[in-house]
Amino acid sequence: MLDPLGEWKKTHDCNTLGLGHAGEQVVLMGWVQRRRDHGGLIFVDLRDREGITQVVFDPQADALAHERAHGLRSEFVIAVRGTVRRRPEGMTNPKLKTGEIEVLVHDLKILNVAKTPPFHIEDDTEASESIRLKYRYLDLRRPVMQRNLILRHRAAFLTRNYFADHGFVEVETPVLTKSTPEGARDYLVPSRVNPGKFYALPQSPQIFKQLLMVAGFERYMQIVKCFRDEDLRADRQPEFTQLDLEMSFIHEEDVFALIEGWICRLFQELLGVELSTPFPRMTYADAMNRYGTDRPDTRFGLELVDLTEIVKDCDFRVFRQAVESGGRVKSICLPGGSRLSRKDLDDLIEFVQGFGAKGMAWIKVQPDGWQSPITKFLSEGVRGAIAEATGAGQGDILFFVADQPKVVHESLGNLRNRLARQMNLVEDGAFQFCWVTHFPLLEWDPDEKRYVAVHHPFTAPLEEDLPLLDEAPEKVRSRAYDLVLNGTEIGGGSIRIHRQDIQNKMFAALGIGPEEAAEKFGFLLDALQFGAPPHGGIAFGFDRLLMLMSGAASIRDVIAFPKTQKATCLMSGAPSEADINQLLELCIRVETEGR
RNA sequence: GGGGACGUAGUUAAGAUGGUUAUAACGCCGGCCUGUCACGCCGGAGGCCGCCGGUUCAAGUCCGGUCGUCCCCGCCA
């Protein structure tokens, strides 16, 4: 029933044949995409990685091949030998690249049969994601998935070339490494030869790349797997890939220029998109004030306007009291928004309440004046000042949130994104990059009752802010930077601390005592004493970048074998219980009672 | 840890107030068909209604629990 491959060689891919090949003898191999059996003639769409070619079985060309072609089913693997011919007048298929020709089959080999697949292999599949993940090897046959993974391959290839051309050396860092405090939860790996001891999988190669700078490599890069045992999202996986790099003797601007060159080449060569450089820069403080977030989507306006000074003495108690208790009052003006219904507004108010806002005031600018529940509390002068500050005009609507800055920014920042989506303000296919700089070095953690690093404990403080480290740690700005694309953080890094004295001060500010520091990071502190050069670097979420470049809805669509939201693999069944003998060998007892 | 959506044939979905044989489309199987490309026509098979328990004369439908998938908050230096 099945035929051996024998001496047959594939002569062409299924996207290559055209009118120029008419009359040629060819051998194609691939999967049966679809069979259209007319009893007399049988048409098969033959699919391989590159495309689809229609092959025709005609009893007059070869009776045996035609007979056997009746038995072909979806996803059978076949090889055909035949003649390329121009399709009859009016029978071309403009939807196919090879639609002007077909291959008349003289000889068929059925290389393998296939069970009926649980879903049809096509881009617009109706299969749910869990079915797709369970049969991932079938899902990956879909052209769109192959395009994504091939794009990913090309991006990685280009990336290695680009950085190699710029003097970078790819060095592999350990996957079995040491747990670090701070940051995400670690994945642990037991050590059989050291009973009771564990490795941690790296959350990133941070310390190793700094050590490579101490080691004198000057420029290091790596495309590397990282692991974080945290809850998943549409753009987060427990194991993900970073483009990681580090450089010596450099300044922020060197990193920006290098990365901009890389991104430009990626977008130009892989997407045909020309980007202009330099990318806009924005301080963290600006980003928060104008966009309410440290990852602003700059594809549209709707910026936040601070009205605190204007309304602090007005008669609207909500505004006044918010200001009196140290809060802010900010507004977003949505052009043309006055046509929103009461129901729309209620939905939006409920939306911002999800971010801690107690409510949200609004004002519609109508032809016959301002329409709003709060107009009566606002004097002529205050109204004029609000109109001027926000630029609100006829037909617009203003939204107000008054609260502590964190709440104001989170609600309005998220509202801004939602409005842009809802009102279709985001241009399709736009890519807006933006560097965000001068992040705070530390922030107060009320749960742990201590300062924690906003970026990580090796980030250098801004030199001019160094004196503040003792008296007002939360005011110290850092030399950290993020690259934001369309409102998503795709990369982040910093200039590092290369002096042991400053590193020690940093640990002190973080409440990490000398003993703990020595125990957790002793090797790094040691290294800093042996001539560490000034250095800095950056790391990119490679999957996330690819997701944005390919237009995928989820990070899972650019990862060959991703995990579900519960961090399981529906195909392999991982994670699973360990064999008792493995556990015994590792001196591990599993206790799930009471969990 | 919390909020929300979903779970019915191989797949995707419909099943109002609880009611007797659980629908449809696509797919699958058989037959016919020499110009289809989402081929067409005729016929057919296919169901632990996620799972467990409860209410009821009666549960896909109501209640409780549980498992799974997705989205979000917390979390992700």
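Structural data are supplied above this passage.
As the structure is a computational prediction, the values presented were derived from the model and not from experiment.

## Quick look at the side chain of Asp 396
Along the polypeptide, Asp 396 turns up in the loop between helix 11 (380-390) and strand 16 (397-403). Of the side chains with opposite charge, Arg 339 lies nearest to the buried Asp 396, which makes no salt bridge, at 8.2 Å. Looking at Asp 396, its side chain comes within polar contact range of the main-chain nitrogen of Gly 336, at 3.0 Å. Apart from residues no more than four positions distant in its own chain, Asp 396 is found in contact with Cys 333, Leu 334, Pro 335, Gly 336, Gly 337, Ser 338, Ile 363, Lys 364, Val 365 and Gly 391.

## What about the protein's contact with RNA strand B?
Near RNA strand B, the surroundings consist of 52 residues, among which Arg 34, Asp 37, Met 91, Ala 453 and His 455 are the closest. Taking all atoms of RNA strand B within 4 Å of the protein, the share assigned to sugar and phosphate is 50%. A distance of 2.8 Å separates a phosphate oxygen of RNA strand B from a polar atom in the backbone of Gln 565. Of all the secondary-structure elements, those providing two or more residues to the surface near RNA strand B are strand 1 (25-37), strand 2 (42-47) and helix 2 (129-134). A per-class count over the surface near RNA strand B returns 14 nonpolar, 18 polar and 20 charged.

## Thoughts on the sheet that holds strand 11 (residues 281-283)
The sheet built from 8 strands is open, its strands ordered 6-9-10-22-21-20-17-11 with mixed pairing. Of all the strands in the sheet, just strand 6 (169-170) and strand 11 have a single pairing partner and so form its edges. In the sheet, strand 6 pairs with strand 9 (residues 219-227) via 2 bridges, with the strands oriented parallel. Across the sheet, Val 169 pairs through a bridge with Tyr 220, a residue of strand 9. The sheet strands contacting helix 4 (residues 143-165) are strand 6, strand 9 and strand 10 (239-248), and the helix crosses strand 9 at an angle near 150 degrees. Along the sheet face, helix 7 (residues 284-291) touches strand 11 and strand 17 (433-437) and points at about 85 degrees away from the line of strand 11.

Criteria and cut-off values
Residues numbered from 1 in each chain as written. Chains lettered and ligands numbered in written order. Predicted model: local features only at pLDDT ≥ 70, side-chain atom pairs only at ≥ 80, totals over all residues. Heavy atoms only, no water. Helix = DSSP H or I, 4+ residues; strand = E, 2+ residues; numbered from the N terminus. Buried < 20%, exposed > 50% of the residue type's maximum accessible area, 1.4 Å probe, protein only. Lys, Arg positive; Asp, Glu negative; His and termini not counted. Salt bridge = Lys/Arg side-chain N within 4 Å of Asp/Glu carboxyl O. Polar contact = N/O pair within 3.5 Å; in protein donor to acceptor, adjacent residues only side chain to side chain. Contact = heavy atoms within 4.5 Å. Near = heavy atom within 4 Å. Nonpolar A, V, L, I, M, F, W, Y, C, P; charged D, E, K, R; others polar. Pairing = 2+ DSSP bridges. Axes fitted to C-alpha atoms, helices over the stretch in contact; angles between N-to-C directions.

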